[in-house]
Amino acid sequence: MPTTTLIITGVMSIIQILGLIILLVMLVKQFKHGGVLHGLIGLITCGFYTFIWGWIKHKTFDLTKIMIFWTILIVSPIVVFGVFGMAMVNEMMTLMTTLSEEGGFDKMMEGFDKKSSNLKSRKIKNIAKLPKKGSDKAPLAKDVDWSQKAMALWKNGKYSDANKALEYWNNAIQTNHKSAEAYNNRGLAYYELKLYRQAIKDYSQAIRMKSDYSVAYNNRGNAYYEMLKFELAEADFEKCIQLNPKYAPAFRNRGLVAFQMDKKVQACVDFNEACDLGDCEGLEWAKKNGLCK
Amino acid sequence: MVGNEAPPPGQSLTPHKTRASVSSRLADWMFAPTLALIMQNRWFLALIAGLAIVQVGLAAAGWRGWQCPIHLISGVPCPGCGLSRAMALFIQGKWQTAIEVHAFAPILAVAVGFLAITAIMPRSLQHQAARRVAALEKRSGIVSVVVLAMFIYWGLRLSGVLGHMPVI
């Protein structure tokens, strides 16, 4: 029996099993972070969409390692065949000659099946002995003021490095700094990274912890707006205005939503109100585009 | 000290012009803009369209491109198995065979074509297209309808109601 063929078959089986495991792990992550529809699309495209999604979002969800591993698994069959291809052809030629002289494929297949199954079970046992993921992870330094570090990144109405800000807020929340402000601020980092679903989760958590947190309502409205869910955005801006009637950005934002919903008169009223409170950006834009007089 | 002062909110929003339509918390995921969100990210769009074209091209040339890990290990085809080959056949004009291999090939071929065209559009036109698609998705839930229909079709094929599944 040709040894090269056996090696290739064994290696390929392991690659395929690992490929399936990684696909399932990635699908779970896609359902969790991307939403049900993205997960289902990943499933119906045999993981093709999941693979691309994984690379696009690898920095945000810390998927770099798993994606590199998955890519290696996808590319490795080409390498395996490249390295062993010629040797396999030579061995197969020798085998065919031998078989035609000695007769029968049955003996060959028996031996092949035994060796192949032994190889698979050995590898699976080795995988089972691997230590649990994350067991060697260093604990977070509790004396570091992660929130202050994150706040230092907030410049000119946004984070200078949203990825870092997200990391710092994650650390802050993990080290028991679980306040409504922390969730709201982490939501802003998600917002900048265009991860609106996660941002909404954090803003909602902030609202649950502090029901009169007007700013969180406004921020959640912004995230809904970016997701083109105008009705939900409008409701949040309204709630924000109700809690804080002097908050100009909420009027401007509600004006924009009204404009999207073809409520032009309401949009102008809101832009004017925002301008009276000191935020004339919306009104200027509306005038420039002939929406308001 | 956490969030001593929350960063000021109220980011400046870029106005989009899209008609608002059906939205419900219960059916939230069904009517959530999905294709439109992909179309808003140029890289994402280019990668999906480009790699899908390569995949169909490989299938048309009789080569194997991306292989389904579920089918490779379990032997059970997933709902999208056979789509590349069916799309290749469809593009080659063998429509009947394409539909026999996978009935959703025409829909997916049109979708990939649309994404490919959008990927090479100027940014302003691309955003405009994304907004229109978002409005369509919000109104009709078209992506979730197609996805669910594919699952039903898959179930029917597995159960043998639609005859034997073609070898892929």
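Scroll up to find the structure.
A. Geometry of the overall build of chain A. Helix and strand counts for chain A stand at 14 helices and two strands. When the 293 residues of chain A are sorted by exposure, 38% land in the buried category. Pairs at least 24 residues apart make up 49% of the contacts formed inside chain A by residues separated by at least 6 positions.

B. Seen up close, the interface of chain B and chain A. Chain B puts 43 residues into the contact, and the matching count from chain A is 50 residues. Elements supplying a minimum of two residues to the side of chain B that touches chain A: α2 (42–60), α3 (69–74), α7 (123–140) and α8 (142–159) of chain B. By residue number, the principal contributor to the side of chain B that touches chain A is α2 of chain B, which donates five residues. The residue inventory of the side of chain B that touches chain A, partitioned by class, reads 30 nonpolar, 11 polar and two charged.

C. Representation of the nonpolar core. Judged by nonpolar contacts, the single largest core of 107 residues is most densely connected at Trp169 of chain A together with Met87 and Ala105 of chain B. Considering each element in turn, this core owes the most residues, seven residues, to helix α8 (residues 180–192) of chain A. No fewer than three residues from each of domain 1 (3–128) and domain 2 (146–288) of chain A sit in this core. Look past the residues within four positions of Ala105 of chain B in its chain and what remains in contact with it is Leu83, Ala86, Met87, Phe90, Ala98 and Ile99 of chain B.

D. How the structure looks around the packing of helix α9 (residues 196–209) of chain A against helix α10 (residues 214–226) of chain A. Residues and elements named next belong to chain A. Interhelical geometry of α9 versus α10 gives an angle of 160 degrees and a closest axis separation of 9 Å. Between α9 and α10, the interaxial angle falls into the category roughly antiparallel. As for the relative orientation of α9 and α10, their crossing is left-handed in sense. Each of Tyr196, Ala199, Ile200, Tyr203, Ser204, Ala206 and Ile207 in α9 lies in contact with α10, whose residues at this interface are Ala216, Tyr217, Asn219, Arg220, Ala223, Tyr224 and Glu226.

E. Representation of helix α11 (residues 230–243) of chain A. Residue and element names in this part refer to chain A. Between the first and last C-alpha of α11 there are 20 Å, a value that for 14 residues agrees with the 20 Å anticipated at 1.5 Å per step. Those residues of α11 not exposed but buried are Phe230, Ala233, Glu234, Asp236, Phe237, Cys240 and Ile241. Along α11, the residues classed as buried sweep out an arc of 165 degrees about the axis, all on the same side. The elements touched by buried residues of α11 are α10 and α12 (248–260).

F. Just the packing of α10 of chain A against α11 of chain A, in detail. All names here are of chain A. As a packed pair, α10 and α11 sit with axes 8 Å apart at the nearest point and diverge in direction by 165 degrees. Overall, the two elements α10 and α11 adopt an arrangement that is roughly antiparallel. Of the two elements, α10 crosses α11, and the hand of that crossing is left-handed. From α10, Ser214, Tyr217, Asn218, Arg220, Gly221, Tyr224 and Tyr225 reach across to α11, where they touch Phe230, Leu232, Ala233, Asp236, Phe237, Lys239, Cys240 and Leu243. Across the contact of α10 with α11, the residue classes break down as nine nonpolar, three polar and three charged.

G. Fine view of unusual backbone geometry. Residues and elements named next belong to chain A. Residue Asp62 is not a glycine yet carries a positive backbone phi of 55 degrees. Mapped onto the secondary structure, Asp62 falls in the loop between α3 (48–56) and α4 (64–102). A residue is classified by how many C-beta atoms lie within 10 Å of it, and Asp62, with 12 of them, is exposed. Positive phi, normally seen in glycine, also occurs at Lys194, with a value near 65 degrees. On the secondary structure map, Lys194 appears in the loop between α8 and α9. The class for Lys194 is partly exposed, based on 15 C-beta atoms found within 10 Å.

Rules used throughout
- Residues numbered from 1 in each chain as written.
- Chains lettered and ligands numbered in written order.
- Predicted model: local features only at pLDDT ≥ 70, side-chain atom pairs only at ≥ 80, totals over all residues.
- Helix = DSSP H or I, 4+ residues; strand = E, 2+ residues; numbered from the N terminus.
- Buried ≥ 20, exposed ≤ 12 C-beta atoms within 10 Å, placed from the backbone.
- Contact = placed C-beta atoms within 7 Å.
- Nonpolar A, V, L, I, M, F, W, Y, C, P; charged D, E, K, R; others polar.
- Core = buried A, V, L, I, M, F, W, Y, C linked by C-beta atoms within 7 Å.
- Domains from an automatic or database assignment.
- Axes fitted to C-alpha atoms, helices over the stretch in contact; angles between N-to-C directions.
- Parallel < 35°, antiparallel > 145°, perpendicular 65-115°, else oblique.
- Left-handed = near helix turned anticlockwise from the far one by under 90°.
- Expected span 1.5 Å × (residues − 1).
- Arc of directions from axis to C-beta.

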